[in-house]
Amino acid sequence: MSDRRAAALALDRLPPELQAALALAWPGCPQAQRRALLAPMSLGGAPLWPGQLWPWQPRARWWRLRSARECRASTLAYFVTRVSDALGTPRGPRLFDPAQPFFATPWTEAEVLLHSPVPDAFSDADYWFMTQRLCGGQREHATRLAEDWAAGMRRDNALRGPRRQAWLNDALHRLEASARGDFL
């Protein structure tokens, strides 16, 4: 890891509004704050850091103020969310609590590191999202889900490229419909 990139994650060098949001969500807990920056906000999505900071940078958001305001609000809500199931129903402690499992990064620590059982289909970050956001923290359930979805993605040639996100969106829709009981 380059010194430049490691220094860029220094919490005190983030945009001031983002520092304030992290301090509001996780006061005095830099481990949780770093997790919040590094975790994907959606399955297959990118983390907030390093590329998604524009809503917090006044020079980058001046021409899309409403979108930036909405993005900051949803990000702040994500910072304080809890481990949940496929419907978003809270099922446990706060998502970025340092006592919770996490995936390996150079900037965080975790007693339990989550590793994808199917690395050709899902990164460790994706597997963390599946475990903590779709399966209520149940690793066995998340492992089965990841393996099933990976098999489907392989079968449909959707492991990479634009087909991947379309496949995942459809799978998430089916999972939510099944959890609600209205899957036809």
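In case you missed it, the structure is sitting above this.
Residues numbered from 1 in each chain as written. Predicted model: local features only at pLDDT ≥ 70, side-chain atom pairs only at ≥ 80, totals over all residues. Heavy atoms only, no water.

**Things to note about unusual backbone geometry**
To keep it simple, the criterion reads: Labels follow the DSSP assignment, with helices taken as runs of H or I lasting at least four residues and strands as runs of E lasting at least two, numbered in each case from the N terminus. Each residue is assigned to one of three classes by its accessible area relative to the maximum for its type, calculated with a 1.4 Å probe on protein chains only: buried under 20%, partly exposed between the two thresholds, exposed over 50%.
Within the chain, Asn157 stands out as a residue other than glycine whose phi angle is a positive 50 degrees. By the secondary structure assignment, Asn157 is in the loop between α7 (139-155) and α8 (162-180). Classification of Asn157 as exposed rests on a relative accessible area of 56%.

**Quick notes on the layout of surface pockets**
The cut-off we apply is this: Here a cavity denotes grid points, spaced 1 Å and computed from the protein atoms alone, that fit a 1.4 Å probe unable to get out, and a pocket denotes an open set having protein on both sides within 12 Å along at least 5 of 7 lines; residues with an atom within 4 Å of a point are the lining. Grid points are joined across faces, edges and corners, and a volume is the space filled by probe spheres set on the points. Amino acids are sorted into nonpolar (Ala, Val, Leu, Ile, Met, Phe, Trp, Tyr, Cys and Pro), charged (Asp, Glu, Lys and Arg) and polar (every other residue, Gly among them).
In this structure, the largest pocket encloses a volume near 170 Å³. Leu38, Pro47, Phe103, Thr105 and Trp107 are, among the 13 residues lining the largest pocket, the residues nearest its centre. Of the residues in the lining of the largest pocket, the class split is ten nonpolar, two polar and one charged.

**A word on helix α2 (residues 16-25)**
To keep things clear, this is the line we draw: The arc in question is formed by the directions pointing from the helix axis toward the C-beta atoms. The contact definition used throughout considers only heavy atoms, calling two residues in contact when any of these lie within 4.5 Å.
Here α2 has its buried residues at Leu18, Ala21, Leu22 and Ala25. Around the axis of α2, the buried residues are gathered within 95 degrees of arc, so they sit on the same side. Exposed residues lying more than 90 degrees from the buried face of α2 are Pro16 and Leu24. Buried-residue contacts for α2 involve α3 (30-38), α5 (65-79) and β2 (90-94).

**Some details on the nonpolar core**
Selection criterion: Definition used in this section: a nonpolar core is a set of buried Ala, Val, Leu, Ile, Met, Phe, Trp, Tyr and Cys residues joined via side-chain atoms within 4.5 Å.
Residues Leu18, Leu37, Phe96, Phe122, Trp128, Leu134 and Trp149 are the most contacted members of the largest nonpolar core, which totals 52 residues. Those elements giving two or more residues to this core turn out to be α2, α3, α5, α6 (124-134), α7 and α8.

**Side note on the environment of Pro55**
Tracing the backbone through its elements, the reader meets Pro55 in the loop between α3 and α4 (58-61). Using a relative accessible area of 0% as the deciding quantity, one classes Pro55 as buried. Separated by 56 residues in the primary sequence, Pro55 and Glu111 place their C-alpha atoms 32 Å from one another.

**Considering the pattern of salt bridges**
Our working definition: Should a side-chain nitrogen of Lys or Arg be within 4 Å of a carboxyl oxygen of Asp or Glu, the pair is scored as a salt bridge.
Per the counting criterion, the structure on display carries five salt bridges. With a shortest N-O distance of 3.0 Å, Glu70 and Arg66 are connected by a salt bridge. Of this pair, Glu70 and Arg66 both sit in helix α5, four residues apart, which is roughly one turn of that helix. Note that Asp170 and Arg174 form a salt bridge whose closest N and O atoms lie 2.9 Å from each other. Note that Asp170 and Arg174 are positioned in helix α8 at a spacing of four residues, about one turn of the helix. Classification of Asp170 by relative accessible area gives partly exposed; the value is 40%. Under the relative-accessibility criterion, Arg174 is labelled partly exposed at 30%.

**Describing the packing of aromatic side chains**
Each pair of aromatic rings is reported with the distance of its centres and the angle of its planes. For clarity, the cut-off: Each Phe, Tyr or Trp ring, with Trp reduced to its six-membered ring, pairs with another whose centre is within 6.5 Å; inter-plane angles below 30 degrees give stacked pairs, above 60 give edge-to-face pairs, and intermediate values give tilted ones. Each ring is checked for a lysine NZ or an arginine CZ that lies within 6 Å of its centre and within 35 degrees of its normal; such an atom marks a charge sitting over the ring.
By the definition in use, this model includes seven aromatic pairs. Considering the side-chain rings of Trp49 and Trp107, the 5.1 Å spacing of their centres and the 80 degrees angle between planes classify their relative orientation as edge-to-face. Remark: Trp107 occurs in the loop between β2 and α6 and Trp49 occurs in the loop between α3 and α4; sequence separation between them is 58 residues. Ring geometry for Trp149 and Trp167: centres 6.3 Å apart, planes at 75 degrees, overall edge-to-face. Taken as a pair, Trp149 in helix α7 and Trp167 in helix α8 lie far apart in primary sequence, 18 residues in all. Considered together, Trp149 and Trp167 belong to a single accessibility category, that of buried residues. Above the ring of Trp26, the side-chain terminus of Arg94 is found at 3.8 Å from the ring centroid.

Nothing here speaks to function; it is geometry throughout.
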